[in-house]
Amino acid sequence: MTHTEEPALWTRLGAVERRVREAVAARRDADPDPDDPYRGQYLTPEAAARILDEPGGLDVPARAPWQPPDGSELGTLARWFELSPLDLDLLLVALAPDLDARFERLYGYLNDDLTRRRPTVGLALELCGLGGASPARFRLSPGAPLIAGGLLEITEPERPPLSRVLTVPDRVTAHLLGDPTPDARLTGVLGEVLEDPTAEPVEVRRAAAAAGLVHLRSRGGDAEGLAVAALRAAGRDPLVLDPAALTRRPSDLPALARVLALEARLTGAGVVLGPLAALSGEPGERSRTLRTLCTELRGIPLYTHDATPWDPTWAPDTPVTLTVPPPAPERQAARWHHALTRAAKAAGTSHRPADDAGSPGQATAAAPGPLAPVGSAEDPYRSGAGAEPSGPATAGAPGPRRPVDPLGDVEALARAVAAHRLDAGQLRRAADVAVRTAALDGRPVGPDDLRVAVRAQNGAGLDRLARRVEPGVGWDDLVLPPTPHRRLRELALRARHREQVLGQWGMRPGGGRGRGVIALFAGESGTGKTMSAEVVAADLGMDLYVVDLSTVVDKYVGETEKNLERIFTEASAVNAVLLFDEADAIFGKRSEVKDAHDRHANIESAYLLQRMESFDGIAVLTTNLRANLDEAFTRRLDVVADFPMPDAGHRLALWDRCLGDRLPRSDDLDLAFCADRFELAGGSIRACAVTAAYLAAESGKPLTMRQTVTAIAQEYRKLGRLLLESEFGPYTAEAAGA
C-alpha cells in the first residue's frame, strides 16, 4: 500500500497490510492445495480432519503496543473515545477494505469464504496476534469504547460471536480521511451556528468552565450565542440542534441521538439545544427527548437554553444553571450593528474600501468606495454640489446610482427598539428584514424599518386571545393637558429602559418579581385613554393588543383565571402593549365573603394581584370608574394617568384636529363657538366631525356651520342630553330640526 503522504493513519495501515501478508503466507504454507479454485466453497473430509488436528489461528505474532503521534487524527480519536492501542489496531483492521479494495479478497481468503469480504471478530483478533479465547475479545463487547462510541458496528448477530462481521460506519471513514461534513442523517436537524460577538468575556469564561450538562436560563440575553462562544473558547466546535426539527421526528430520536453523539466525539464538538420551549409541548414527550439526548451525549458538553428553569424530571442528570442577563444598552447597540452588518453582507449591500473596487478606470457597481456623509460638502450627490459626470450624455440613460450606507446610525436604530425584548434569532431575522426593506428604496435602514421588522417577529399566539391594532397615531395627534401627557411620556421611558433599571441596576429586588410596566388610564368615556395607549405603542414601535373581555370571562369557576394566564403568558413573549379596556370589570375590589360567589370572585382578584407582580410585559388598564379598582392593584401600578374632560382650548384643538385639513370648510364654520358652548369629550367631538363630514359629502359642498350643529345635536340625543338654547344659541332651531 502506498500513499503520497505518510500520516499516522497510512503508516499504521501499512502495518496491517504486513500482518495480512504474513497471515496469507501462513495459510498457504499449511494448505496442501492452496491453488484450489473452489477453495472456501466446500469442505473435504481430509480438510475437516486437518482442522481437528491443527491448533487453530494464523500464527501472526503479537506486536508491541503502538501509540499514534500527538496531534494526529488517530491520536485525537484515541483521546476523545478513550481507545487503547489494541482498539486502534482493531479499528484499522476493519477499516482497511474501505480504503483498499485488495483487502476484500484477502479477507475472503483468510475467512475461508469468498463471500465474506470483511473481517470477522475472530480474524481481527488473530491479525492482532490474539486468540479467539483471549480476554481481548471483550474489547468488542457492546459496552466497549469501539462499539459504544459507534466507531465499529458488529453485524450478522445470528452467527457465533467470532464469526460476526466488523464494519466501520461511513462517517467514521470520511472523518479519518479528513472530510468535515457532518453525517447526512443530521441534515435538517442541525441549525445555523451563530456566535454572539458581544458576549462579555467573563460570562464566556464562566460558561466554558462549566463542563458537562449546562442550562443557560435566558433573562433577555443571547443564550445560544453565549453557548457557541463558550464552546469555541474551550476549543470545541458547536453543533446547534433545531428543537422544532427534533419534535417533527420523534420516532427517529434514538438513532439521531446516537449519530449526534458519534459526530460530536469524532470532531470534539459540543452540542447546543434550545430554546427548550420549542420542543414538544407535551411534558412527557419533552422529558423523553431530553432524557434520550442527555443519556447518549453523556461526557459531551451539552448546553441547553430557555427562558424557563430546568425541570429535574427532564433527565437523570442535573445541569449547572447559569443566568444570561439582558445586554447593557451599549452591548445591545453592538448586537444590532453586528446583525445589520451581517444582513447587509448577505444582501450584497455592504461596501468595500476603494482599494478593492477594481483597477482605475473600471466601474464596479457592486463595490462602491467609502461614502461621505449625505449632504456634506464632500458628498458629490448632494443638491448643487460637484460637477456633472464627464463624457457624453445619453438621453434616457439613468444617472449614477447613489451609493448608500445600508446601516445608517446604528445607535439611533438600537434606541428606536430599546423597549423590545428579542432573542438572538429574532434580532437577526429583524435585521435581515430591515436591511432588505431599505434596500428596495436604495436608502439606509431607518427606525421605522427596524420597528416594522421587529413587530413582524411576534408570534400569532396572542392574536387568538386579543384584538391586534397597528398604531396609526403619534404624539402630535394627542390633545391633552400637560400632566397626563407627562405621564404618557413616563410610561414610554419606563418601557424603554426597564432592562437597564430593573435588570442591571436591580431596582425591583425580590423573588418572582417581573420586569413589566403596568399603567392605569382613568377618566370618563371619550377622553382619549385608548388612543393614548395606541400612541405609546407607536412610540415604542409595538403593536397594541386589546383584550376582548368576551374571550376572558367565563361562567365556570376557574376558567377566567386560565384564560387570563394564557393572555399574560403570550403577552410576555410578544413585543406589544397589552390593553385591558374597562379593566374594572376584572380588576374590581375584593369584598366580604358571604357566599361561594364572593369567595370565587376574591380568588380571581387574588390571582390577578399575583400575576401582575410577575408580569414581564407592558400592560395598560383603562377604567371610567377608578374608585372601583382594588387598592392592592393601585399599589402595583407604575404609572397612573388621569384623563380630564377637555376645556374650551383643548376642545378647539380637538375640533380642528378631528376635521383635518382635507375636508373643505365654508366661511361660516365657527369652531370657536363649538368649542366654547358644547362641553364634549374628545370621542364625542370625533363622532360629531365624522357625522358632519358625511352631511358635507351628501351636499357636495364645503362643510357648513349648520351641518356641524346638526351633527352635534345628533350626538346630544345619543348621549341623552337636552338641547338647551343656552348652549346652541342662534342655532337652536337647526338643532331642534336635526
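Conventions used here
Residues numbered from 1 in each chain as written. Predicted model: local features only at pLDDT ≥ 70, side-chain atom pairs only at ≥ 80, totals over all residues. Heavy atoms only, no water. Helix = DSSP H or I, 4+ residues; strand = E, 2+ residues; numbered from the N terminus. Buried < 20%, exposed > 50% of the residue type's maximum accessible area, 1.4 Å probe, protein only. Salt bridge = Lys/Arg side-chain N within 4 Å of Asp/Glu carboxyl O. pLDDT = per-residue confidence, 0-100. Contact = heavy atoms within 4.5 Å. Core = buried A, V, L, I, M, F, W, Y, C linked by side-chain atoms within 4.5 Å. Pairing = 2+ DSSP bridges. Axes fitted to C-alpha atoms, helices over the stretch in contact; angles between N-to-C directions. Phe/Tyr/Trp six-rings, centres within 6.5 Å; stacked < 30°, edge-to-face > 60°. Lys NZ or Arg CZ within 6 Å of the ring centre and 35° of its normal.

## A few points about unusual backbone geometry
Thinking step 1. Of the consecutive residues Gly-274 and Pro-275, the connecting peptide bond is found in the cis state with omega at -5°.
Thinking step 2. The backbone of Asp-112 sits at a positive phi, close to 60°, despite the residue not being glycine.
Thinking step 3. Structurally, Asp-112 can be placed in the loop between α5 (102-110) and α6 (121-127).
Thinking step 4. Take Asp-112: its relative accessible area is 33%, and that puts it in the partly exposed class.

## Some points on the pattern of salt bridges
Thinking step 1. Using the criterion set out here, one finds 33 salt bridges in the structure.
Thinking step 2. We note a salt bridge from Arg-102 to Glu-17, for which the minimum N-O separation is 3.3 Å. Here Arg-102 is found in helix α5, whereas its partner Glu-17 is found in helix α1 (residues 8-30), with 85 residues between them in sequence.
Thinking step 3. Assessed through its relative accessible area of 8%, Glu-17 is described here as buried.
Thinking step 4. Taken together, the salt bridges that share partners define one network made up of Arg-487, Glu-490, Arg-494 and Asp-638.

## Observations concerning the confidence of the model for the protein
Thinking step 1. Chain-level pLDDT for the protein is 82 on average; 83% of the residues reach the 70-or-more range.
Thinking step 2. Low confidence marks residues 351-404, where pLDDT is under 50. Its contacts with residues over four positions away, or in another chain, come to 43 contacts.

## Topic: the nonpolar core
Thinking step 1. Counting 44 residues, the largest nonpolar core has Tyr-107, Leu-110 and Leu-151 as the members making the most contacts within it.
Thinking step 2. Counting only elements with at least two residues in this core, the list comes to α1, α3 (73-81), α4 (85-99), α5, α6, α7 (145-148), α8 (170-176) and α12 (253-267).
Thinking step 3. Excluding residues that lie within four positions of it along the chain, Tyr-107 makes contacts with Val-16, Val-20, Val-93, Ala-96, Pro-97, Arg-116, Arg-117, Arg-118, Pro-119, Leu-123 and Leu-127.
Thinking step 4. If you look at the next biggest cluster of nonpolar residues, it comprises 30 residues, including Leu-462, Ala-571, Leu-609 and Phe-633.

## Description of the sheet that holds strand β8 (residues 466-469)
Thinking step 1. Taken together, six strands build an open sheet; the order of strands is β8-β10-β11-β12-β9-β13 and the sheet is mixed. Only two strands of the sheet have a single neighbouring strand rather than two, namely β8 and β13 (639-643). Across the sheet, the mean angle from the axis of one strand to that of its neighbour is 25°, orientation sign disregarded.
Thinking step 2. Where strand β9 (residues 517-523) lies against β13, five bridges are found, and the strand directions are parallel. Residue Ala-519 lies in a different strand from β13, and its bridge partner there is Val-639.
Thinking step 3. Along the sheet face, helix α20 (residues 559-572) touches β10 (543-547) and β11 (576-580) and points at about 155° away from the line of β11.

## With respect to the pairing of strand β3 (residues 213-218)
Thinking step 1. Along β3, five of the six residues are buried, which leaves the element largely enclosed by surrounding structure.
Thinking step 2. Across five bridges, the pairing between β3 and strand β7 (residues 320-324) is parallel. The residue of β7 that forms the bridge with Arg-217 is Thr-323.

## What to know about the sheet that holds strand β4 (residues 238-241)
Whenever strands of a sheet pair, they do so through backbone hydrogen bonds, lying parallel or antiparallel.
Thinking step 1. A sheet is described by the order of its strands in space; here five strands give the open sequence β4-β5-β6-β3-β7, paired in parallel fashion. Since the sheet does not close on itself, it has two edges, and those belong to β4 and β7, each with one partner. Pairs of neighbouring strands in the sheet enclose a mean axial angle of 20°, with direction left out of account.
Thinking step 2. Sheet topology note: the β4/strand β5 (residues 270-273) ladder contains four bridges and is parallel. In the strand pairing of β5, Val-240 is matched with Val-272.

## What about the side chain of Thr-198?
Thinking step 1. Of note, Thr-198 is situated in the loop between α8 and α9 (201-209).
Thinking step 2. Classification of Thr-198 as buried rests on a relative accessible area of 12%.
Thinking step 3. Apart from the residues within four sequence positions on either side, Thr-198 is in contact with Arg-331, Ala-334 and Arg-335.

## Description of the environment of Leu-162
Thinking step 1. With respect to the helices and strands, the residue Leu-162 is situated in the loop between β1 (153-155) and β2 (165-167).
Thinking step 2. Of the residues examined, Leu-162 reaches a relative accessible area of 32% and is grouped as partly exposed.
Thinking step 3. Leu-162 sits 42 residues away from Thr-120 along the chain, and the two C-alpha atoms are 6.5 Å apart.
Thinking step 4. Excluding anything up to four places from it in sequence, Leu-162 contacts Thr-120, Val-121, Gly-122, Leu-125, Gly-132 and Arg-137.

## Some thoughts on the packing of aromatic side chains
To describe a pair of aromatic rings, you give the distance between the ring centres and the angle between the ring planes.
Thinking step 1. The full count for this structure, using the stated rule, is 10 aromatic pairs.
Thinking step 2. With a centroid separation of 5.3 Å and 65° between ring planes, the pair formed by Phe-673 and Tyr-731 is classed as edge-to-face. One end of the pair, Phe-673, is in helix α24 (residues 671-677); the other, Tyr-731, is in the loop between α27 (725-728) and α28 (732-736), with 58 residues separating them in the sequence. Judged on exposure class, the residue Phe-673 and its partner Tyr-731 are both buried.
Thinking step 3. Centre to centre, the rings of Phe-678 and Tyr-716 are 6.0 Å apart; their planes meet at 80°, and the pair counts as edge-to-face. Within this pair, whereas Phe-678 is found in the loop between α24 and α25 (682-699), its partner Tyr-716 is found in helix α26 (residues 705-719), the two being separated by 38 residues in sequence. Per residue, the accessibility class of Phe-678 equals that of Tyr-716, and both read buried.
Thinking step 4. In this structure an aromatic cluster arises from ring pairing among Phe-673, Phe-678, Tyr-716, Phe-728 and Tyr-731.
Thinking step 5. Here Arg-79 stacks its cationic end above the ring of Trp-80, 5.3 Å away from the centre of that ring.
Thinking step 6. The ring of Tyr-716 carries the charged tip of Arg-721 above its face, separated from the ring centre by 4.4 Å.

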